[in-house]
Amino acid sequence: MDIIDFFTTNPNKGYLVIAAFSLLIGSFLNVLIYRLPRMIQNEWNQECRHYLGLKSHTTDVESLNLYLPLSHCIVCKKRLKPWHNIPVISYLILRGRCAYCKIKISPRYPFVELLCCITSVYAAAHFGFNWQLVGALLFTWIIIGLIFIDLDYQLLPDQLTLLLLWIGLLLSVNTVFTNSHDAILGAAAGYLVFAIVQGAFKLATGKIGMGQGDYKFLAGLGAYLGWQQLPIIILLASITCIIFGVTHMAMKQQWKSVPLPFGPYLAVAGWVCLMWGDEILHLYFNQIV
C-alpha cells in the first residue's frame, strides 16, 4: 500500500498531515512575502548602478535570500530559537511579542499560517489524495504569496506568476485540471486579454492602468485551469475589486488616482474557480439553455 492509498483509506490522518505540513509552508510563505520583494529591489538597485556606470555598493545592500540570514527579529536583529518559530503556537505563547525586545509582532504572521492550513485542508477534502491535490496545494500556496506581496508592494513577482504558469502547463500534460490544448490557449488568452485592455486604456488616457504582473498572473491562471475559466475569473475579480475598492476609497475619502492592487482579487477568483469552476460553468450554461 502506497502513501496515497493509506491516506485514502485513512483520510483523517491525511488531513492531519496536510494541516501540519501546510502550517510549515505558511511559515515559509511569511518569509517569502517579506524577503522576496526586498531581494528584487536589491537586484534592481544593482542593475541600475551597473547601467549608470556607478560602483556597486555591496556594503549598502542588505544581504538577503530566502534562506539566509536565519530567522530573526527585524527590530532587535536577534536570531530566533527553533521554539520561537513554531507556526501559530509560538505566537500565542509569546503573546504576539518578540521573545527578546518585546516588540509587537504583526498578527498577519499567524493569519497567513492559518489561512494556508485551512485552505490546504479544504483542498484535500475537496479533491481527495491524488495528483489534483498536489496541483491544488501548489496553486494555493503560490497565490497566497502573491496576494500579500501585491497588497504590500503592488508587485506580482515573475518568480511566482511564471512558476504558476509553468506548473499549470506541466500538469496539463496529464490533464490534471485541463488538457494541454486548453491550457496553452488559456495562457495565451489570459495574457493577451489584459495586454489589449491596458493598451486601449493607455491610448485613451495616456496612463498605465494595469501592471504586466497582472497579465502574467492571469496567464498562469489560464494555464492552470484552461481558457474556459477565464471569463469567470475576470468577472469575479472585477466585481470583488469594485466592491472592496469603492469601500476602501470611501473609508479614506479618496476618490481620484487611488492605485488598487488587482492581484488579490484575481487570486481569490482563481481559487474559487479551482474549487467550483466546473459547477459554475454548468450552472451558467444550464440557465442559458
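Here the structure is a predicted model, which is why all the values come from computation and not from measurement.

> I keep staring at unusual backbone geometry and nothing clicks. Help me out?
For residues other than glycine, phi is negative in most cases, and the peptide bonds are mostly trans. Here the bond from leucine 68 into proline 69 is cis, since omega is -5°, no more than 30 degrees from zero. Inspection of the secondary structure assignment puts proline 69 in the loop between α2 (11-51) and α3 (89-93). A positive phi angle, close to 65°, is found at valine 88, a residue other than glycine. One can find valine 88 in the loop between α2 and α3.

> Looking at this model, I keep getting lost on a nonpolar patch on the surface. Mind explaining?
A cluster of nonpolar residues, Ile74, Val75, Ile103 and Tyr109, forms a patch on the protein surface that exposes about 330 Å² of accessible area. The partly exposed category is assigned to isoleucine 74, whose relative accessible area is 45%.

> Hey, could you run me through the packing of aromatic side chains in this one?
The description of two aromatic rings rests on the distance between their centres and on the angle between their planes. Going through the model one piece at a time under the given rule, you end up with 15 aromatic pairs. Ring geometry for phenylalanine 262 and tyrosine 265: centres 6.5 Å apart, planes at 45°, overall tilted. Per residue, the accessibility class of phenylalanine 262 equals that of tyrosine 265, and both read buried. Chaining the aromatic ring pairs together yields one cluster made of Phe6, Phe7, Tyr15 and Phe129. The ring centre of tyrosine 34 lies 3.8 Å from the NZ or CZ of arginine 38, which sits over that ring.

> For this particular structure, what's the right way to read the packing of helix α6 (residues 158-172) against helix α8 (residues 212-225)?
What describes two packed helices is the angle between their axes and the distance between those same axes. Taken N-terminus to C-terminus, the directions of α6 and α8 make an angle of 20°; their axes are 7 Å apart at the nearest point. In terms of their interaxial angle, α6 and α8 are classed as roughly parallel. The hand of the α6/α8 crossing is left-handed. Residues Asp158, Thr161, Leu162, Leu164, Leu165, Ile167, Gly168, Leu169 and Leu171 of α6 lie in contact with α8, whose contacting residues are Gly213, Lys216, Phe217, Ala219, Gly220, Leu221, Ala223 and Tyr224. The residue inventory of the contact of α6 with α8, partitioned by class, reads 11 nonpolar, four polar and two charged.

> In this structure, what is going on with the pattern of salt bridges? I would like to understand it.
Close approach of charged atoms allows side chains with opposite charge to pair. For the structure on display, the rule yields two salt bridges. Salt-bridge contacts for aspartate 152 lead to arginine 108; the nearest nitrogen and oxygen are separated by 2.6 Å. Linking aspartate 152 in helix α5 (residues 131-153) with arginine 108 in helix α4 (residues 108-127), this pair joins segments that are 44 residues apart in sequence. Residues lysine 216 and aspartate 158 are paired through a salt bridge, measuring 2.8 Å at the closest nitrogen-oxygen approach. Residue lysine 216 is located in helix α8, and its partner aspartate 158 is located in helix α6; the two are separated by 58 residues in the primary sequence. Judged by relative accessible area, which is 19%, lysine 216 ranks as buried.

Each value, and the rule that gives it
- Residues numbered from 1 in each chain as written.
- Predicted model: local features only at pLDDT ≥ 70, side-chain atom pairs only at ≥ 80, totals over all residues.
- Heavy atoms only, no water.
- Helix = DSSP H or I, 4+ residues; strand = E, 2+ residues; numbered from the N terminus.
- Patch = residues over 30% accessible without salt bridge, like charges linked within 9 Å, V, L, I, M, F, W, Y side chains within 5 Å.
- Areas by Shrake-Rupley, 256 points an atom, 1.4 Å probe, with all protein chains shown as cover.
- Salt bridge = Lys/Arg side-chain N within 4 Å of Asp/Glu carboxyl O.
- Buried < 20%, exposed > 50% of the residue type's maximum accessible area, 1.4 Å probe, protein only.
- Phe/Tyr/Trp six-rings, centres within 6.5 Å; stacked < 30°, edge-to-face > 60°.
- Lys NZ or Arg CZ within 6 Å of the ring centre and 35° of its normal.
- Axes fitted to C-alpha atoms, helices over the stretch in contact; angles between N-to-C directions.
- Parallel < 35°, antiparallel > 145°, perpendicular 65-115°, else oblique.
- Left-handed = near helix turned anticlockwise from the far one by under 90°.
- Contact = heavy atoms within 4.5 Å.
- Nonpolar A, V, L, I, M, F, W, Y, C, P; charged D, E, K, R; others polar.

Taken by themselves, the reported measurements are silent on function.
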